[in-house]
Amino acid sequence: MKTVKEVSKLAGVSVRTLHYYDTIGLLKPTEVTGAGYRLYDDTALERLQAILLFRELEFPLEEIKLLELKREHLDNLINFARGIKATGVRNLSFKAFDTSKIDEYARKTKEAYGNTREYKEFQEKDKDRSSAERDELNQGLMDIMAEFGAIKDTDPAGDAAQQLVNKLQGYINEHFYKCSDQILCCLGSMYSGGGEINDNIDLAGGEGTGSFIDRAIREHCK
């Protein structure tokens, strides 16, 4: 097992990038110690190798995550078939055929971007960025989510929460696309709507962070 610092040195990626991959569910550590240290085994390192290959080929992280989910689905099917062949009996588990994670992630990505003016603006801003630059921007976004998490027990209409809403909107405006209040409200609904996006935000800021951000955004948009 290797620590996150050892993996960072071995793979040539920053510790911050590895933390971000963990946050979005792209590369989870094999184990997290009681002290909070991330540890990675050989299987995790192999997965990281595949992720970095896709990244070098300029695949967006959303597509890499989708490919990883599809590979996981295929692995489940292969193991399912091997089990039937080995035992010669009927296996009544339908877990191997569950594509809900793949379908949900693809649907959420389409909802978030789609064929819109904002997405075209995002493409224009993003076209010359390196994969490392994209990772850093995405981590910056998750850092803001973590800031929300630190105050999630306060009033969503309070000054602290509203300052973070303005910071979030400004960050999206600067780095991704023009984020109107209407779009911001839609994002808020996604942040609290369950599924991968909600889970990732709650991982960054603690349980309930996505819901708190949504409430703060709604106060902002009143």
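Predicted model only: the values in this text are computed from it and were never measured.

Calculation notes
- Residues numbered from 1 in each chain as written.
- Predicted model: local features only at pLDDT ≥ 70, side-chain atom pairs only at ≥ 80, totals over all residues.
- Heavy atoms only, no water.
- Core = buried A, V, L, I, M, F, W, Y, C linked by side-chain atoms within 4.5 Å.
- Buried < 20%, exposed > 50% of the residue type's maximum accessible area, 1.4 Å probe, protein only.
- Helix = DSSP H or I, 4+ residues; strand = E, 2+ residues; numbered from the N terminus.
- Axes fitted to C-alpha atoms, helices over the stretch in contact; angles between N-to-C directions.
- Parallel < 35°, antiparallel > 145°, perpendicular 65-115°, else oblique.
- Left-handed = near helix turned anticlockwise from the far one by under 90°.
- Contact = heavy atoms within 4.5 Å.
- Phe/Tyr/Trp six-rings, centres within 6.5 Å; stacked < 30°, edge-to-face > 60°.
- Nonpolar A, V, L, I, M, F, W, Y, C, P; charged D, E, K, R; others polar.
- pLDDT = per-residue confidence, 0-100.
- Pairing = 2+ DSSP bridges.
- Polar contact = N/O pair within 3.5 Å; in protein donor to acceptor, adjacent residues only side chain to side chain.

Engineer: Got a minute to help me understand the nonpolar core in this structure?
Structural biologist: Grouped burial of nonpolar side chains is what soluble globular proteins tend to show. Counting residues in each nonpolar core, the largest one holds 43 residues, and the members touching the most others are Tyr-21, Phe-148, Leu-168, Ile-172 and Tyr-191. At the level of secondary structure, the elements contributing two or more residues to this core comprise helix 1 (4-11), helix 2 (15-23), helix 3 (42-56), helix 7 (131-150), helix 8 (159-175), helix 9 (181-191) and helix 11 (209-221).

Engineer: Looking at this structure, how should I read the packing of helix 1 against helix 3?
Structural biologist: Packed helices, taken two at a time, are described by the angle between their axes plus the distance between the axes. Contact geometry of helix 1 with helix 3 gives a least axis separation of 12 Å together with a crossing angle of 45°. Put simply, helix 1 runs oblique to helix 3. For the pair helix 1 and helix 3, the sense of crossing is right-handed. Across from Val-7, Leu-10 and Ala-11 in helix 1, the residues of helix 3 making contact are Leu-45, Leu-48 and Leu-52.

Engineer: Please clarify how the packing of aromatic side chains should be interpreted in this entry.
Structural biologist: Pairs of aromatic rings are described using the distance from one ring centre to the other and the angle between the two planes. For the coordinates displayed, the defined rule picks out two aromatic pairs. For the ring pair Phe-148 and Phe-212, a centre distance of 6.4 Å and an interplane angle of 65° mean the geometry is edge-to-face. Separated by 64 residues along the polypeptide, Phe-148 in helix 7 and Phe-212 in helix 11 bring together distant segments of the chain. Ring geometry for Tyr-171 and Phe-176: centres 6.2 Å apart, planes at 50°, overall tilted. Residue Tyr-171 shares its accessibility class with Phe-176, and that shared class is buried.

Engineer: Just checking my understanding: could you explain the packing of helix 10 (residues 195-205) against helix 11 for this structure?
Structural biologist: At their nearest, the axes of helix 10 and helix 11 sit 7 Å apart, and the two run at 100° to each other. As judged from the angle between their axes, helix 10 and helix 11 are roughly perpendicular. For the pair formed by helix 10 and helix 11, the contact residues are Asn-198, Ile-201, Asp-202 and Gly-205 on the first element and Thr-209, Gly-210 and Ile-213 on the second. For the contact of helix 10 with helix 11, the residue count by class is two nonpolar, four polar and one charged.

Engineer: Please clarify how the confidence of the model for the protein should be interpreted in this entry.
Structural biologist: Of all residues in the protein, 74% attain a pLDDT of 70 or more, and the chain-wide mean is 79. Element-level mean pLDDT values for the protein span from 53 in helix 5 (residues 100-112) up to 95 in helix 8. Low pLDDT (under 50) marks residues 89-99, which in the prediction has 13 contacts with non-local residues, meaning those over four places away or in another chain.

Engineer: I tried to follow the sheet that holds strand 3 (residues 38-40) on my own but got confused; where do I start?
Structural biologist: Note: strands within a sheet are paired through backbone hydrogen bonds, in either parallel or antiparallel orientation. Taken in spatial order, the three strands make up an open sheet running 1-3-2, and their pairing is antiparallel. Strand pairing shows two members of the sheet lacking a second neighbour, strand 1 (2-3) and strand 2 (31-32), which therefore form its edges. As paired strands, strand 1 and strand 3 are joined by two bridges and run antiparallel to one another. Paired with Lys-2 across the two strands is Tyr-40, which belongs to strand 3.

Engineer: For this particular structure, what's the right way to read the environment of Leu-141?
Structural biologist: Position of Leu-141 among the secondary structure elements: in helix 7. In this structure Leu-141 comes out as buried when scored by relative accessible area, which is 16%. Taking the C-alpha atoms as reference, Leu-141 lies 7.5 Å from Leu-168; in sequence the two are 27 residues apart. Here Leu-141 is in contact with Leu-168, Tyr-171 and Ile-172, once residues within four sequence places are set aside.

Engineer: Got a minute to help me understand helix 2 in this structure?
Structural biologist: Residues that lie three or four places apart on an α-helix share one face, since the helix turns once every 3.6 residues. Taken residue by residue, helix 2 has Thr-17, Leu-18, Tyr-20, Tyr-21, Asp-22 and Thr-23 as its buried positions. Note on helix 2: the residue one or two positions beyond its end, Gly-25, has a positive phi of about 80°.

Engineer: Explain the environment of Asp-181 to me, please; I cannot follow it from the model alone.
Structural biologist: Relative to the assigned elements, Asp-181 resides in helix 9. The spacing of Asp-181 and Ile-217 is 36 residues in sequence and 8.6 Å in space, taken between C-alpha atoms. A distance of 3.0 Å separates the side chain of Asp-181 from the side chain of Gln-169, its partner in a polar contact.

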